[in-house]
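Structural overview
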Amino acid sequence: MRRKRRRNWIIAIVALLIVAAGAIGLIYKRTAKPKTTTVRLGLVGTDSQPVWNNVKARLKKQGINIEYVVFDDYVQPDKALKDGKIDMHSCLTKYYFESYNNSQNAHLVSIGNTVISPLGLYSKKYSSLKDLPDGAMIAIPNEPTTLGRGLNMLQSAGLIMVKKSSGIKPSLNDITSNPKNLKFKEVDPATAARALSSVDASVINGNYAVAAKLKPGKDSLYMEPINKKAKPYVNIIAVQEKDKDNPVYKKVVKAYQTEETKKAIQKTYKGAQKAAWDIYGTK
């Protein structure tokens, strides 16, 4: 009888220990800090940080910490990604990215579309295209890709014509028709807005227009059409090829391509940038 009682006591004690261990484990799971993964994200300048801050806050709840690595030109991010100094970047167009990949034999891939930033033609002197006088001086970004894009935009506005064979990257030498005898002044893309005080009109990237307190929908003489021809100018999130299926990086893309991000883009850029995944697909 005593043995039976002792055995029952032992069983009861063991059961209590098991329950206690389970409770302690549950409490630990609830109180233990989740493992955080840091992702080094390359950006050019700081203008896109308000949008990324929105994404960053949501990713933090998933245990993903976004650490910004800021560059001051568009050449450095691809090199830094290739060299493993950053984990991903979100600041370059498909066209520029693919050009770098091909010329440098870099194994980088795009894993998601972010925004498209249409170029605009702005002026402090004139309020419409028809007001531009003969011989007007136009400032245009000197970076070859953006210069060609700017010329194609001016062509779509009916101001010039360029050789069809020049594709998406015409040069000033490819202009075949210039009825207003427009003159062109090549400037650094970052100074195109500042050039407004010394020229008749200026071709300005969307992010630089916003930084200069310009309102693209209201202040521009003309905006680049958002259509199939503009697809090469979609900005992307890029990673090394070996990381294209990285689940953490996929979560970053998923968190970016949301309605919440779209609202942050509109609030930050006021029309100077638009959500590209709605127009051209997620990647």
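Residues numbered from 1 in each chain as written. Predicted model: local features only at pLDDT ≥ 70, side-chain atom pairs only at ≥ 80, totals over all residues. Heavy atoms only, no water.

Attention now moves to the overall build of the protein chain. Across its full length, the protein chain holds 10 helices and 13 strands. By the burial criterion, 46% of the 283 residues in the protein chain qualify as buried. Within the protein chain, contacts between residues at least 6 apart in sequence are counted, and of these 73% link residues at least 24 apart. Looking at the protein chain as shown, the accessible area adds up to about 15,800 Å², and 54% of this sits on carbon and sulfur atoms. (Helix = DSSP H or I, 4+ residues; strand = E, 2+ residues; numbered from the N terminus. Buried < 20%, exposed > 50% of the residue type's maximum accessible area, 1.4 Å probe, protein only. Contact = heavy atoms within 4.5 Å. Areas by Shrake-Rupley, 256 points an atom, 1.4 Å probe, with all protein chains shown as cover.)

Moving on: the sheet that holds strand 10 (residues 201-204). Across the sheet, which stays open at both edges, the 5 strands sit in the order 9-6-10-5-11 with mixed pairing between neighbours. The open sheet has two free edges, formed respectively by strand 9 (183-187) and strand 11 (220-223), since each of these has just one partner strand. On average, adjacent strands in this sheet sit at an angle of 25 degrees to one another, irrespective of strand direction. By the bridge criterion, 2 bridges tie strand 6 (residues 137-141) to strand 10 in an arrangement that is parallel. From the neighbouring strand, Ala139 faces strand 10, where its bridge partner is Ser202. Of the strands in this sheet, strand 5 (120-122), strand 6, strand 9, strand 10 and strand 11 touch helix 5 (residues 144-156), which is tilted by about 135 degrees from strand 6. (Pairing = 2+ DSSP bridges. Axes fitted to C-alpha atoms, helices over the stretch in contact; angles between N-to-C directions.)

With 13 residues, helix 5 ought to run about 18 Å at 1.5 Å a step, and its terminal C-alpha atoms sit 18 Å apart, in line with that. For helix 5, the complete set of buried residues consists of Thr145, Thr146, Leu147, Gly148, Arg149, Gly150, Leu151, Met153 and Leu154. Regarding helix 5, its N-cap is Glu143, as a side-chain oxygen of that residue lies 3.1 Å from the backbone nitrogen of Thr145 further along. Two residues or fewer after helix 5 comes Gly158, characterised by a positive phi angle close to 85 degrees. (Expected span 1.5 Å × (residues − 1). Polar contact = N/O pair within 3.5 Å; in protein donor to acceptor, adjacent residues only side chain to side chain.)

Below, the discussion takes up the pattern of salt bridges. Per the stated rule, a full pass over the model turns up 10 salt bridges. Note that Glu260 is salt-bridged to Arg58, the shortest N-O span being 3.7 Å. With Glu260 in helix 9 (residues 259-269) and Arg58 in helix 2 (residues 49-60), this residue pair connects regions lying 202 residues apart in the sequence. Taking the relative accessible area as the measure of exposure, Glu260 reaches 45% and is therefore partly exposed. (Salt bridge = Lys/Arg side-chain N within 4 Å of Asp/Glu carboxyl O.)

Before going further, it helps to spend a moment on the nonpolar core. Grouped burial of nonpolar side chains is what soluble globular proteins tend to show. Trp52, Ile66, Met88, Tyr256 and Ile265 are the most contacted members of the largest nonpolar core, which totals 27 residues. When residues of this core are traced back to their parent elements, those giving at least two are strand 1 (37-44), helix 2, strand 2 (64-71), strand 4 (108-116), strand 12 (234-240), helix 8 (247-256) and helix 9. For Met88, the residues in contact, after removing those within four places along its chain, are Val39, Arg40, Leu41, Gly42, Leu81, Ile237, Ala238, Val239, Tyr249 and Val252. Ala136, Leu154, Val162 and Leu221 belong to the second-largest nonpolar core, a separate cluster that totals 20 residues. (Core = buried A, V, L, I, M, F, W, Y, C linked by side-chain atoms within 4.5 Å.)

What follows concerns the packing of helix 2 against helix 8. Their axes nearest at 9 Å, the elements helix 2 and helix 8 cross at an angle of 125 degrees. Taken as axis vectors, helix 2 and helix 8 run oblique relative to one another. For the pair helix 2 and helix 8, the crossing hand works out as right-handed. On the side of helix 2, the interface is formed by Val51, Trp52, Val55, Arg58 and Leu59, while helix 8 contributes Lys251, Val252, Ala255 and Tyr256. (Parallel < 35°, antiparallel > 145°, perpendicular 65-115°, else oblique. Left-handed = near helix turned anticlockwise from the far one by under 90°.)

On to the sheet that holds strand 2, then. A sheet is described by the order of its strands in space; here 6 strands give the open sequence 2-1-3-12-4-13, paired in mixed fashion. What marks the edges here is a single partner per strand, and that holds for strand 2 and strand 13 (274-275).

The next point concerns the packing of aromatic side chains. Taken as a whole and judged by the stated rule, the model has 2 aromatic pairs. Taking the centre distance of 4.9 Å and the plane angle of 50 degrees together, the rings of Trp52 and Tyr256 count as tilted. One end of the pair, Trp52, is in helix 2; the other, Tyr256, is in helix 8, and 204 residues separate them in sequence. On the accessibility criterion, Tyr256 (4% relative accessible area) is buried. (Phe/Tyr/Trp six-rings, centres within 6.5 Å; stacked < 30°, edge-to-face > 60°.)

All we've got here are geometric facts, nothing functional implied.
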